[in-house]
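Structural overview for review
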Amino acid sequence: MDLTQTLEIATCTDPGMVRSHNEDSIAADPANGLVVLADGMGGYNAGEVASGMATTVIVTEMRQILTNAKPYEVDQKNNEEIAARLVREQVLKANSSIYQAAQSQPQYAGMGTTLVVGLFYDNRMLVAHLGDSRMYLLRENKFKQVTRDHSLLQEQIDSGIITPEQAKKAAHKNLVTKALGIDPTVEPEIHEYPTKPGDIYLLCSDGLCDMVDDEDIGMTLQTLGGNLKLAAQQLVQMANDNGGRDNVSVILVRVLREYPGAKGVIGKMFAWLK
Amino acid sequence: MAKLILSMDGLVLKEIPLTKERTTIGRKPHNDIQIDNLAVSGEHAVIVTILNDSFLEDLGSTNGTVVNGNAVKKHFLQNNDVVELGKYKLKFVGEAAPAAGAGGEKADFEKTMVLRPAAMKAAAAAAGAAGGAQAAVAQRQAAVQAAAASAAATGIADKDPAAKAASAPAPAAPAPAAAPKPGGQPLGAIQLLSGGNAGKELELTKPLTTLGKPGVQVAVLTRRPQGYFITHVEGTKRPSVNGQEIGAAPHSLKDHDVIELAGIKMEFFLKA
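Below is a short write-up of the structure. None of the values given here were measured: they were computed from a predicted structure.

Remarks on unusual backbone geometry
Phi at A:Asp122 takes a positive value of approximately 50°, unusual for a residue other than glycine. Of note, A:Asp122 is situated in the loop between strand E4 (112–121) and strand E5 (124–130). For B:Asn242, which is not glycine, the phi torsion reads 55° and is therefore positive. As for its position among the elements, B:Asn242 is in the loop between strand E18 (240–241) and strand E19 (244–245). Overall, the presence of 10 C-beta atoms within 10 Å leaves B:Asn242 in the exposed class.

Things to note about the packing of helix H1 (residues 46–66) of chain A against helix H2 (residues 82–104) of chain A
Residues and elements named next belong to chain A. For the pair H1 and H2, interaxial distance at closest approach is 9 Å and the crossing angle is 140°. Crossing hand, H1 versus H2: right-handed. Residues Ala50, Met53, Ala54, Val57, Ile58, Glu61, Met62 and Ile65 of H1 lie in contact with H2, whose contacting residues are Leu86, Gln90, Val91, Lys93, Ala94, Ser97, Ile98 and Ala101. The residue makeup of the contact of H1 with H2, split by class, is 12 nonpolar, 2 polar and 2 charged.

Observations concerning the sheet that holds strand E7 (residues 142–145) of chain A
Pairing between sheet strands relies on hydrogen bonds along the backbone, with the strands arranged either parallel or antiparallel. Residue and element names in this part refer to chain A. Pairing in this open sheet of 5 strands is antiparallel, and the strands run E1-E11-E10-E6-E7 from one edge to the other. Two strands close off the open sheet at either side, each with one partner strand: strand E1 (7–14) and E7. For this sheet, the mean angle separating the axes of adjacent strands, direction not counted, is 15°. Two elements, E1 and strand E11 (residues 248–255), share 8 bridges in a ladder whose sense is antiparallel.

Concerning the sheet that holds E4(A)
All names here are of chain A. Pairing is antiparallel across the open sheet formed by 5 strands, whose spatial order is E2-E3-E4-E5-E9. Edge positions in the open sheet fall to strand E2 (24–29) and strand E9 (189–194), since each of these has one partner strand only. The average undirected angle you get between the axes of adjacent strands in this sheet is 10°. Summarising the sheet, strand E3 (residues 34–41) and E4 pair through 8 bridges and their orientation is antiparallel.

Rules and cut-offs
- Residues numbered from 1 in each chain as written.
- Chains lettered and ligands numbered in written order.
- Predicted model: local features only at pLDDT ≥ 70, side-chain atom pairs only at ≥ 80, totals over all residues.
- Helix = DSSP H or I, 4+ residues; strand = E, 2+ residues; numbered from the N terminus.
- Buried ≥ 20, exposed ≤ 12 C-beta atoms within 10 Å, placed from the backbone.
- Axes fitted to C-alpha atoms, helices over the stretch in contact; angles between N-to-C directions.
- Left-handed = near helix turned anticlockwise from the far one by under 90°.
- Contact = placed C-beta atoms within 7 Å.
- Nonpolar A, V, L, I, M, F, W, Y, C, P; charged D, E, K, R; others polar.
- Pairing = 2+ DSSP bridges.

As structure tokens, then:
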């Protein structure tokens, strides 16, 4: 099912004001309702390689699979949603590609990447993530974070060692506890949420949320939501105006209308009755 | 060997090498660093040194411990950190590593790195074996630093030697996360010149202010460190500045520019 007319997607990525390379990588496949953002890490240009591999592998594999898969169906064998299984499989595929490259080529040793993937299907959105790249949602003027970082800081906040206010000033913002391509296998965190027309989803690297307060990000989306491309550029510009110490990447997805996945007369009737 | 330089009113009193695993600071004579001043508690603070890392911990002192102007409970000491105890200052000078190595070893707090459970455990175990029962948090911090160091050693930490070299002379403490807010610049405002609300004034205090009618014509005024900019958001017609229609890019606003938007004229001006 082609979602080009259902989802409006705007992207923007920038090396920032300090770094010479952009180790972030973003990809969007509007027809299949897929967006991927990765923030790479590793020596020399290995970070770019890792994040580039992650986005390319996931987008190309998913594109092939989604041409005849029905993500909204449930696997009878283990009661698992097809969508969740597909996304997990592709994330694992990307993980082993990066891990093997890192193992076999010395210049890529130790490379890895954070990841956040959004898959839109059947009036739903599935998000899978690893590390500290985030997804936010603006719905009916309420702006909230969807994903929870896999970072030392988040663990400390959760266990009550530090408060979120202290976290803003903490030194070790950069330590993530999960990432793609570091270990032979990885378990991405996957959640599924219903979407509503008018929702704006924001995927971003830590270069945005470290430099710009959540409040200001939310306000920007509220005021510039009418022009998604401009909102994406504005967010990147705000991060750079505030110092731009890291690469900044932004993907914005707006849900324009309903997109029930069920096909066939009965399915359509059912979707219509819902 | 890391050391502390004790000074008062800019006068250096003595240098103290951090040879012990625990270096205590306080007013009472049994402390390793005795500071005989009433502002200093009997047992004021301790510096725990594990391998090349030193952690400062306040021992519940009456007047608290201040590092670089911030009160701290526990702190991972970085080169050139200044610890204040009443009138006294203790400057922390880290290991004088060779110039080339310094960049690689220093924790780069901007760079995203993976914290691996294995490295955490190993470092925690090492810290535990070396030191007995340290505060759990100090151990955890040590583990973090060790993980960071091992990450640095395997090349995760730093991919940009040029940028690193440039940033090396900067103080090791991370720059304050809060970015320079556009506070120093003059405040801008607009005054409506035509329409029903002519004469009305609007101060542009927020980073973003939208103007116009949604669905017809909307523009946004952005407040940036470089000044104010107007950008077209939606509508078939773009706003004009001084009679000239603006392009798709943000347009810089100067004092007393006249904006025309959705048939309404307004003047932009800077407040002194």
